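# Per-entry structural report
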Amino acid sequence: LYVLPSGSGDVLAYPVERPGVVGKARVLCTLEPAPKSPGRPGGDGLAVDARGNLYLTRPVLKSVFVVSPEGKPVGRLTFPEEPSNCVFGGKDLKTLYVTAQSSVYAVAPGEVGHRFAGPRADGPLPEGWDYAPAMRKVAAMFRGAEGVVL
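Residues numbered from 1 in each chain as written. Predicted model: local features only at pLDDT ≥ 70, side-chain atom pairs only at ≥ 80, totals over all residues. Heavy atoms only, no water.

Let us now look at the packing of aromatic side chains. Counted under the stated rule, the structure contains two aromatic pairs. Where tyrosine 55 meets phenylalanine 88, the ring centres are 5.1 Å apart and the plane angle is 85°; that geometry is what we call edge-to-face. Taken as a pair, tyrosine 55 in strand S7 (residues 54–58) and phenylalanine 88 in strand S10 (residues 83–89) lie far apart in primary sequence, 33 residues in all. Classification of phenylalanine 88 as buried rests on a relative accessible area of 9%. For the ring pair phenylalanine 79 and tyrosine 105, a centre distance of 5.2 Å and an interplane angle of 55° mean the geometry is tilted. Of the two residues, phenylalanine 79 sits in the loop between strand S9 (73–78) and S10 while tyrosine 105 sits in strand S12 (residues 104–107), which places them 26 residues apart along the sequence. For the pair shown, phenylalanine 79 and tyrosine 105 are each scored as buried. (Phe/Tyr/Trp six-rings, centres within 6.5 Å; stacked < 30°, edge-to-face > 60°. Helix = DSSP H or I, 4+ residues; strand = E, 2+ residues; numbered from the N terminus. Buried < 20%, exposed > 50% of the residue type's maximum accessible area, 1.4 Å probe, protein only.)

This is the structure we're talking about:
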């Protein structure tokens, strides 16, 4: 279990000992401070790829930092505005969707997103709600605006 506290530069990793029980936190890595905004050390959202790399949104740096499962820097994706969250999606989980201040970005980072266990990992949500049309409707509001939008 990973936690990216917005008020701290420490990314925490908790071992899952059994369902509903986590162990003691350890600092996986410490995010680099923003030179112009030292009071905003943390991130916002995160995603995980199939190799275990973490994609950590850093609004103050207008970036998504990629960190290995060992906490080592792997890469950085930059955006023209502050990203707030990210998730892997698409039929093959090869697209990283990044929400930002006024746009939704679609990036192909060259990795496959981690598929979390669930009742229907290969299909729609169990309650039958098809979220894709709603997401397209929201994304259409931003079409032609700043950035590369859906």
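Looking now at the pairing of strand S11 (residues 95–100). Of the two faces of S11, the one lined by Leu96, Val98 and Ala100 is fully buried and the one lined by Thr95, Tyr97 and Thr99 carries no buried residue. The pairing of S10 with S11 spans six bridges and is classified as antiparallel. Paired with proline 83 across the two strands is alanine 100, which belongs to S11. The pairing of S11 with S12 spans four bridges and is antiparallel. (Pairing = 2+ DSSP bridges.)

Another aspect to go through is the pairing of strand S2 (residues 10–13). As judged from the two bridges shared by strand S1 (residues 2–3) and S2, these two strands associate in the antiparallel manner. For valine 3, the partnering residue across the bridge sits in S2 and is leucine 12. Counting the residues in the hairpin turn of S1 and S2 gives six residues. Bridge analysis of S2 against strand S5 (residues 26–30) gives four bridges, and the strand direction is antiparallel. Paired with aspartate 10 across the bridge in S5 is threonine 30.

What follows is about the pattern of salt bridges. Counted under the stated rule, the structure contains one salt bridge. Here arginine 51 and glutamate 111 are joined by a salt bridge, their closest N and O atoms 2.7 Å apart. Note that arginine 51 is positioned in the loop between strand S6 (46–48) and S7 and glutamate 111 in the loop between S12 and helix H1 (132–140), a separation of 60 residues in sequence. What makes arginine 51 exposed here is its relative accessible area of 62%. Overall, the relative accessible area of 22% leaves glutamate 111 in the partly exposed class. (Salt bridge = Lys/Arg side-chain N within 4 Å of Asp/Glu carboxyl O.)

Function cannot be read off these values alone, since they describe shape.
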